[in-house]
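Examination of the molecular architecture
One-letter residues, chain by chain:
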Amino acid sequence: MQYAAPETTAEATRLLADSPGTARVLAGGTDLLVQMKFGGLAPDLLVDIKNIKGMRDVTPEDGGFRVGAAVSGAEMGEHKAMRALWPGVVEAVELIGSTQVQGRATMAGNLCNASPAADSVPAMVAANAIARIAGPDGERDCPVQDIPTAPGKTSLQKGEFITSIFFPARPDNASDAYLRFIPRTEMDIAVCSAGVSLTLDTNGTCTDARVSLGAVAATVLLVQDAANALIGSKLDDSALEALGAACSAACNPIDDKRGTIEFRRDVTAVLAKRAAKIAQSRAGERS
Amino acid sequence: MKKLHINTSINGNSAEFLCDPDATLLSVLRDQLNLTGAKEGCGSGDCGACSVTVNGRLVASCLVLAAEVEGAEITTIEGMAEGEVLHPLQKKFLEHAALQCGVCTPGILVAAKALLEKNPDPSETEVRFWLAGNLCRCTGYDKIINAVMDAAAEMRGA
Ligand SMILES: Cc1cc2nc3c(=O)[nH]c(=O)nc-3n(C[C@H](O)[C@H](O)[C@H](O)COP(=O)(O)OP(=O)(O)OC[C@H]3O[C@@H](n4cnc5c(N)ncnc54)[C@H](O)[C@@H]3O)c2cc1C
Ligand code: FES
Ligand code: FES
């Protein structure tokens, strides 16, 4: 195996594109190194992107933030302005692993590892985050929800990698939240999870919403029926019931020792309702 | 495999070594540099016994490639006591009998020190969450938490 730490995006894409064997991007390594040690993954080349300029920066842009692909969970957690704008995204990132894992793990790595249970992904999808991708043919932007295509698979082409993820501006009375269910209080993989991002008008009526679910299908789900249940309501009980029902209906979970299908469907509805209430109260605090 | 030549700083002293591209920082610390304080409990990021800091960040050294630490500043448990003088955390671990076999102890001390540098006055809950990635098979954790809380109080001069 070879290790390369290029200093430019162009050099990184060239290395990835020209590698005749298996080439992998190395960000925090918290998935990659585990897979190399225990999962039989044997790449021919690792391209460490952490020395590329800008990769570790969180930069204000058009009222939102562009988060470099090598920004760690710990760095995200310390960024007060990002937390104020997208608290649901930051809380989702902070759920990833332990303090030690937080010191290294990135959102882009969480996304590109393409686990259906990845914690930051539903929150990013609810936020309508956009990944910026560099490749041999230049740059392109792609909504986060279109990156994972199946467990362990992404839509990235050979030579491509994510350089940053953009979180847009939002009105004052808008916020988001992410919740997951695990049997312990820390250090576990989501059995199911829900992210809700919403905007309220001055009367507290929801004018816009995005609802996403994790670990209940092969990839993250963006559930339009669930969003529709919230839009036009003040998140009264009947709207929340409709939200939960839409989420349960959208789930297509597996049955395993960590949770049965019925359990996942039920708990997903509960999480979505609670996340919506948290997002609502956060939005109220910002208005 | 072609060896890589890495220059780094460990506990304030410059260090250089040759390593395979796929060698972990933990394996180089233990097997090449003879810094055997960091332990390999799991090799998969779950137990925290291999905790060190890299550029001030607490990390699991089993999930860091040695190649990645070129130019970095690393601290390990070996840098914690000043000569014969133990760090307050180390003293409190002895006082509270916060260890039995001791395999988890170096990692917990390094992790706890990183916490107290960031937050000198943590609540018990904050200590428990911060150390959630440090597993101990022996003590049942309470004595560890008490030792960290007590060391924090002493370091604040309380
Ligand atoms: C103890 C432990 C606990 C964990 N707990 C959780 C948890 O609670 N929730 C959770 O979701 N995950 C968890 N994880 C998994 C992991 O920490 C996360 O998925 C993390 O976000 C991965 O980020 P990374 O930067 O370490 O990725 P890496 O390991 O560096 O990369 C992961 C994959 O993505 C690719 N990749 C990385 N960056 C890019 C990029 N910019 N462009 C293209 N491809 C890229 C890599 O090639 C690799 O295939 C845990 C891991 C450990 C070891
Ligand atoms: S040996 Fe590194 S976390 Fe267990
Ligand atoms: S004292 Fe034995 S593992 Fe903690």
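Scoring rules and cut-offs
- Residues numbered from 1 in each chain as written.
- Chains lettered and ligands numbered in written order.
- Predicted model: local features only at pLDDT ≥ 70, side-chain atom pairs only at ≥ 80, totals over all residues.
- Heavy atoms only, no water.
- Near = heavy atom within 4 Å.
- Polar contact = N/O pair within 3.5 Å; in protein donor to acceptor, adjacent residues only side chain to side chain.
- Domains from an automatic or database assignment.
- Buried area = accessible area lost by both parts, 1.4 Å probe.
- Contact = heavy atoms within 4.5 Å.
- Salt bridge = Lys/Arg side-chain N within 4 Å of Asp/Glu carboxyl O.
- Helix = DSSP H or I, 4+ residues; strand = E, 2+ residues; numbered from the N terminus.
- Buried < 20%, exposed > 50% of the residue type's maximum accessible area, 1.4 Å probe, protein only.
- Pairing = 2+ DSSP bridges.
- Axes fitted to C-alpha atoms, helices over the stretch in contact; angles between N-to-C directions.

**Details of the site of ligand 1**
For ligand 1, the set of nearby residues contains 34 residues, the closest of which are Val25(A), Thr30(A), Asp31(A), Thr106(A) and Asp119(A). What surrounds ligand 1 is not a single chain but chains A and B. A distance of 2.8 Å is found between an oxygen atom of ligand 1 and a backbone nitrogen or oxygen belonging to Leu32(A). Ile162(A) has a polar backbone atom sitting 2.9 Å from a nitrogen atom of ligand 1.

**Looking at the domain arrangement of chain B**
Residue and element names in this part refer to chain B. Each domain of chain B was delimited in the assignment, giving domain 1 (4-79) and domain 2 (88-156). Between the C-alpha centres of domain 1 and domain 2 the distance comes to 21 Å. Both faces combined, the contact of domain 1 with domain 2 buries some 950 Å², and carbon together with sulfur accounts for 68% of it. Interface area lost by domain 1 to domain 2 is led by Cys47, Leu58 and Ile77, which between them contribute 44%. Where domain 1 meets domain 2, there are three residue pairs in polar contact (both at pLDDT 80 or more).

**A few points about the interface of chain A and chain B**
Counting from both sides, the interface comprises 26 residues of chain A and, opposite them, 29 residues of chain B. Carbon and sulfur atoms make up 60% of the area that chain A and chain B hide from each other, which totals about 2100 Å². For the chain A face of the interface with chain B, the top three residues by lost area are Tyr3(A), Thr99(A) and Gln100(A), together amounting to 30%. Counting across the interface, chain A meets chain B through five salt bridges. A salt bridge links Glu78(A) to Arg57(B); the shortest N-O distance between them is 2.9 Å. For the pair chain A and chain B, the interface holds nine residue pairs in polar contact (both at pLDDT 80 or more). Those elements that provide at least two residues to the side of chain A that touches chain B are β1 (2-4), α2 (32-38), β3 (45-48), α3 (73-77) and α6 (99-102) of chain A.

**A closer look at the pattern of salt bridges**
The tally for this structure, following the rule as stated, stands at 26 salt bridges over all chains. Put simply, Glu78(A) and Lys118(B) hold a salt bridge, and the shortest N to O gap is 3.0 Å. With one member in each of two chains, Glu78(A) in the loop between α3 and α4 (80-85) and Lys118(B) in helix α3 (residues 105-118) form a pair that bridges those chains. A salt bridge links Arg83(A) to Glu94(A); the shortest N-O distance between them is 3.0 Å. In this pair, Arg83(A) is assigned in helix α4 and Glu94(A) in helix α5 (residues 87-94), connecting sequence segments 11 residues apart. Overall, Arg83(A) belongs to the partly exposed group, its relative accessible area being 31%.

**So, the sheet that holds strand β5 (residues 73-75) of chain B**
Residues and elements named next belong to chain B. One open sheet holds the five strands; their spatial order is β2-β1-β5-β3-β4, and the pairing between them is mixed. Where the open sheet ends on each side, the last strands, each with one partner, are β2 (13-19) and β4 (57-60). Taken pair by pair, the neighbouring strands of this sheet meet at an average axis angle of 40°, ignoring direction. In terms of strand pairing, strand β3 (residues 51-54) meets β4 through four bridges, oriented antiparallel. Residue pairing across strands places Thr53 opposite Leu58, the latter belonging to β4. Strand contacts of helix α1 (residues 25-32): β1 (4-10), β2, β3 and β5, with the helix running at about 100° to β2, the strand carrying the most contacts. Strand contacts of α3: β3 and β4, with the helix running at about 40° to β3, the strand carrying the most contacts.

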